[in-house]
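Okay, here's what each chain looks like letter by letter:
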Amino acid sequence: MKRRYYLSILPLAGILFGMWYIHIAASDVIYSDYIRLVNSYLPDVWNPAKFFVPDVLTRIPVNYLSRIINVAFFGFNTMFDRVLGVLALGLSGFVLGKYCLLRKVGAVWFTILMALMFSLNKWEMLINGSGWAHFLAFAGFYYHYLVMDRLWTGDEKPGDRKLLVILPFAITILTAGPYCAVYSVVVMMAYGFMAILDYRKTKRLEKTYLLYALCTLAALLLYMWSNSLTVEDHAAAAEVGLFTQLAQTPGFFVRFILISFSSMVVGIEEAIAAFKGNILPFAILGFLVIAAYLYALYLNFRYRLYEKSMVPLILIVSGGLNHVLILLSRWIFLVDDYGASSRYALQFQAGIFGIILTFALCRNEMVMKKMVRGKYRLFSAAVVSFCLLFLAGNAYTTYHELKKAPDRKGTFEIRAQMALNFEEMTDDELRAGFEYRTTRPESGAQVREALTILKDNGWGVFRPNK
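Computed from a predicted model, the values in this text were never measured in an experiment.

What counts, and where the lines are drawn
- Residues numbered from 1 in each chain as written.
- Predicted model: local features only at pLDDT ≥ 70, side-chain atom pairs only at ≥ 80, totals over all residues.
- Heavy atoms only, no water.
- Helix = DSSP H or I, 4+ residues; strand = E, 2+ residues; numbered from the N terminus.
- Buried < 20%, exposed > 50% of the residue type's maximum accessible area, 1.4 Å probe, protein only.
- Contact = heavy atoms within 4.5 Å.
- Areas by Shrake-Rupley, 256 points an atom, 1.4 Å probe, with all protein chains shown as cover.
- Lys, Arg positive; Asp, Glu negative; His and termini not counted.
- Charge placed at Lys NZ, Arg CZ, Asp CG, Glu CD.
- UniProt positions renumbered as here; feature names shortened; annotations may be inferred.
- Phe/Tyr/Trp six-rings, centres within 6.5 Å; stacked < 30°, edge-to-face > 60°.
- Lys NZ or Arg CZ within 6 Å of the ring centre and 35° of its normal.

Asker: When you look at the overall build of the protein in this model, what are you seeing that I'm missing?
Answerer: Within the protein one finds 19 helices and zero strands. Counting only C-alpha atoms and orienting by the principal axes, one finds that the protein spans roughly 75 × 50 × 50 Å. Counting across all 466 residues of the protein, residues that qualify as buried make up 53%. By sequence separation, contacts in the protein at least 24 residues apart represent 79% of the contacts at least 6 residues apart. Looking at the protein as shown, the accessible area adds up to about 21000 Å², and 66% of this sits on carbon and sulfur atoms. Separation between the mean location of the 46 positive side-chain charges and that of the 33 negative ones in the protein comes to 15 Å.

Written as structure tokens, this is what we have:
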């Protein structure tokens, strides 16, 4: 197969861009989730009692290894985690590159994919290094989908069947955390769909699909069992159940889902500034993204693209289910734009990747079959319109996030100075400055405890060579 160097060059360029962004937008200081992590796992990162807890499988075990490396070699530097996040995002780019090479997806399509993958609509995830493993999880998801696809289309490589047994456990238990829910459901749905299609052709049930689906289910059940041992503690605004709230404020749920979908075009901060509180632009963008989803689904089934590759359909369903999951899990805060937060862009973008790959495969199919010119022109007009929409919106978001980067770094530098003088500050000042559970009266004391641990060990901002 002819080597296409852009499949490696573009992800590498994306990694360099991500590294530059975290350099200009962040600095080494703990805040937010890091407060809990420091108090829970430091200073003794080698202590087995902190690993072998009842809900260990929900703690994203790969983080234990990264914390050990971070403490041992970098004196607990939050930039280390951010670098891991960028590298893991780049790994997703390389995996999609392998897929595009296998399915002969051209350079223009891959460039669009990489532009969207390294868009700064996910700035919050990039800056909050504590979530670096989520980037790794999605790289694992995409790789699993690729291996499944190779088996489905007869392009399997030696060891692929063993990988399909191992990957669900490695991904779900080691890296995925709560992200495993949609991943596991989509994989099992895909195996079921494959089994049905295969049975319609051969009149024989392919039991290996059942085996791989059961492996995915077993990994999910292990995670769910472990998760049942945790204690959730969320302060929510809702005082009634889902269906009661739906009956009382149906418009809220409509706004929530439309704004959620619109965030795949323009980041929420940029949208709020541009739309000035007007819901109509959000609604239009949300409807357009939903239309892109529906059109891509139509193309998959109209031209039976799933027979040549299952990945685009898997990604589309994954993106759609993630929107539903965020709605079901986050409506309780009763904030219209909660689902448009930058932290969810990583989950939602899978659907956009599926849409772009559908367009690419469908175009190849139309060209190969010499589709009627009028129908091809209509398809081209729709595809160009949707692609320009996604690219223009993400470029706008990235441009504005780069302009904000110095201010974001300035905030981190203020926190770093506060950390160095934390003993002279009140709990209220610490709670406000480090954004940790600001509604909880004990959170200021928790910030103080975390900073004390770092100071006593000479880590973080207290490193001697800092």
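Asker: Even after reading the chapter, I still don't get the UniProt feature "transmembrane region" (unreviewed entry) in the protein, so can you show me in this structure?
Answerer: Listed under "transmembrane region" (unreviewed entry) in the UniProt record, and renumbered for this structure, are residues 83–102, 123–145, 165–197, 209–226, 279–298, 310–332, 344–364 and 376–396. Span residues 123–145 is 83% helix and 0% strand, its end C-alpha atoms 26 Å apart.

Asker: Please clarify how the packing of aromatic side chains should be interpreted in this entry.
Answerer: What the rule picks out here adds up to 35 aromatic pairs. Taken together, a centroid distance of 6.1 Å and an interplanar angle of 45 degrees make the contact between F17 and W20 tilted. Highlighted residues: F17 and W20, both in helix α1 (residues 6–25), separated by three residues, approximately one helical turn. Every member of this aromatic cluster is reached through a ring pair, and the members are F138, F141, Y142, Y145, Y179, Y183 and F353. Over the ring of Y344 we find R343; its NZ or CZ atom is 5.7 Å from the centre of that ring. Across from the ring centre of W123, 3.5 Å away, lies the NZ or CZ of R408, which sits over that ring.

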